[in-house]
Amino acid sequence: MGTVIALANQKGGVGKTTTSINLGASLVELGQKVLLIDTDAQGNATSGLGIQKSAIENEIYDVLINDVPIKETIIPTSHKGLDIVPATIQLSGAEIELTPMMARETRLRDAIDDVKGDYDFILIDCPPSLGLLTINAFTACDSILIPVQSEYYALEGLSQLLNTVKLVQKHFNKQLRIEGVLLTMYDARTNLGAQVNEEVRKYFKDAVYKTIIPRNVRLSEAPSHGLSIVDYDIRSKGAQVYLALAKEVLAAHGK
Ligand code: ADP
Ligand code: MG
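Residues numbered from 1 in each chain as written. Chains lettered and ligands numbered in written order. Predicted model: local features only at pLDDT ≥ 70, side-chain atom pairs only at ≥ 80, totals over all residues.

Caption draft 1: Structural detail: the overall build of the protein chain. Looking only at helices and strands, the protein chain features 11 helices and seven strands. Against the 2.2 N^0.38 benchmark of 18 Å for 255 residues, the protein chain shows a C-alpha radius of gyration of 17 Å, consistent with a compact globule. Once the C-alpha set of the protein chain is aligned to its principal axes, its extents read approximately 50 × 40 × 35 Å. For the protein chain, with 255 residues in total, the buried portion stands at 45%. Looking at the protein chain alone, contacts between residues at least 24 apart form 79% of all its contacts between residues at least 6 apart. (Helix = DSSP H or I, 4+ residues; strand = E, 2+ residues; numbered from the N terminus. Rg over C-alpha atoms; globule rule 2.2 N^0.38 Å. Buried ≥ 20, exposed ≤ 12 C-beta atoms within 10 Å, placed from the backbone. Contact = placed C-beta atoms within 7 Å.)

Caption draft 2: A look at the site of ligand 1. If you check the shell around ligand 1, you find 17 residues, and the closest are Lys16, Thr17, Thr18, Leu219 and Ser220. Listed by contribution, the elements that provide at least two residues to the shell around ligand 1 are helix 1 (16-29) and helix 9 (217-221). Among the elements that take part in the shell around ligand 1, helix 1 stands out by supplying three residues, more than any other. Of the residues assigned to the shell around ligand 1, the class counts are six nonpolar, nine polar and two charged. (Near = placed C-beta within 6 Å. Nonpolar A, V, L, I, M, F, W, Y, C, P; charged D, E, K, R; others polar.)

Caption draft 3: Main features of the UniProt feature "domain: AAA" (unreviewed entry) in the protein chain. In the UniProt entry, the feature "domain: AAA" (unreviewed entry) is given for residues 3-178. Secondary structure within residues 3-178 divides into 34% helix and 17% strand; the distance between the first and last C-alpha atoms comes to 13 Å. (UniProt positions renumbered as here; feature names shortened; annotations may be inferred.)

Caption draft 4: Molecular detail of the pairing of strand 6 (residues 143-149). Along strand 6, five of the seven residues are buried, which leaves the element largely enclosed by surrounding structure. Here strand 6 pairs with strand 7 (residues 177-184) via seven bridges, running parallel. Its bridge partner lying in strand 7, Gln149 is registered against Thr184. Remark: the strand 6/helix 7 (residues 158-171)/strand 7 crossover connection has right-handed handedness. (Pairing = 2+ DSSP bridges. Right-handed = clockwise from strand over helix to strand, strands pointing away.)

Caption draft 5: Summary view of the pairing of strand 5 (residues 121-125). Of all five residues that make up strand 5, five are buried, and the element is covered over most of its length. Bridging between strand 1 (residues 3-7) and strand 5 involves five bridges; their strand directions are parallel. Directly across from Ile5, in strand 5, lies its bridge partner Leu123.

Caption draft 6: Quick look at unusual backbone geometry. Residue Asp67 is not a glycine yet carries a positive backbone phi of 55°. If you trace the backbone, Asp67 turns up in the loop between helix 3 (60-66) and strand 3 (75-76). Of the residues examined, Asp67 has 10 C-beta atoms within 10 Å and is grouped as exposed. Even without being a glycine, Met185 presents a positive backbone phi close to 50°.

Caption draft 7: Geometry of the nonpolar core. Among the nonpolar cores identified, the biggest contains 73 residues, and Ala6, Ile124 and Ala137 are the most heavily contacted of them. Looking at this core, the element that brings in the most residues is helix 11 (residues 237-252), giving seven residues. (Core = buried A, V, L, I, M, F, W, Y, C linked by C-beta atoms within 7 Å.)

Caption draft 8: Looking closely at the packing of helix 1 against helix 11. At a minimum axis separation of 8 Å, helix 1 and helix 11 run at an interaxial angle of 70°. Between helix 1 and helix 11, the angle is such that the two are roughly perpendicular. Relative to helix 11, helix 1 is oriented so that their crossing is right-handed. Across the interface between the two elements, Asn22, Leu23, Ser26, Leu27 and Glu29 from helix 1 touch Tyr242, Leu243, Leu245, Ala246 and Val249 from helix 11. Residue composition of the contact of helix 1 with helix 11, by class: seven nonpolar, two polar and one charged. (Axes fitted to C-alpha atoms, helices over the stretch in contact; angles between N-to-C directions. Parallel < 35°, antiparallel > 145°, perpendicular 65-115°, else oblique. Left-handed = near helix turned anticlockwise from the far one by under 90°.)

Laid out in structure tokens, this is it:
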């Protein structure tokens, strides 16, 4: 059975999508079969992996709202072994449409059950909010990976995030745990980076990955080519750190 990891932080622009794509591709490089589920109406994970809108027949919206089986939404990416369930702007209405529905918090979990046996890892790229889509991800997953941007106020909002985790643990998913906390967009040239690193480690202790993701231009260029960093520039620092992260994740799962 595949391990389901949600990548979440209700702040936008902290590296959720970049990490979803590049951790996903790196895990595949290390021999894993990976499904990435895009649950952000921005569809950045979808476009970042080169999926054209015209190629999308069904998407995560149809799974959550129209009971389309998740298998009918899966698209292979150009990176063999990495598949995606795409999202489009249509998903922006889903939170409101889910609200009056039966089993509204467990719809993603129920859908994922069908494909858990087909993958080693299923990564869920969450939207920048703690609404019903993120609750669905937390209910469906085994653990949460929290990217934290190495910036002022890095820890801001994380207590709300952890409160949401507690609520989901209580009502829907007792086994839910924190997979790890990842420092992103680290700039070694500033004191700020070091300060944030220290602060985050004081707060999350061993949950923080040894691997730190630096700012790397190649990482920001890759999505406009529809490629993961592994395919765009395997020799870049960005590729090396995401491969190192993937090794840490595998080790944490005894692989
Ligand atoms: P989120 O999904 O949390 O909103 P993204 O992964 O989309 O965040 O990242 C926000 C922006 O920062 C994107 O334009 C992305 O390309 C860029 N970015 C993310 N991580 C890095 C990095 N390590 N180095 C340089 N740019 C990055
Ligand atoms: Mg995103």
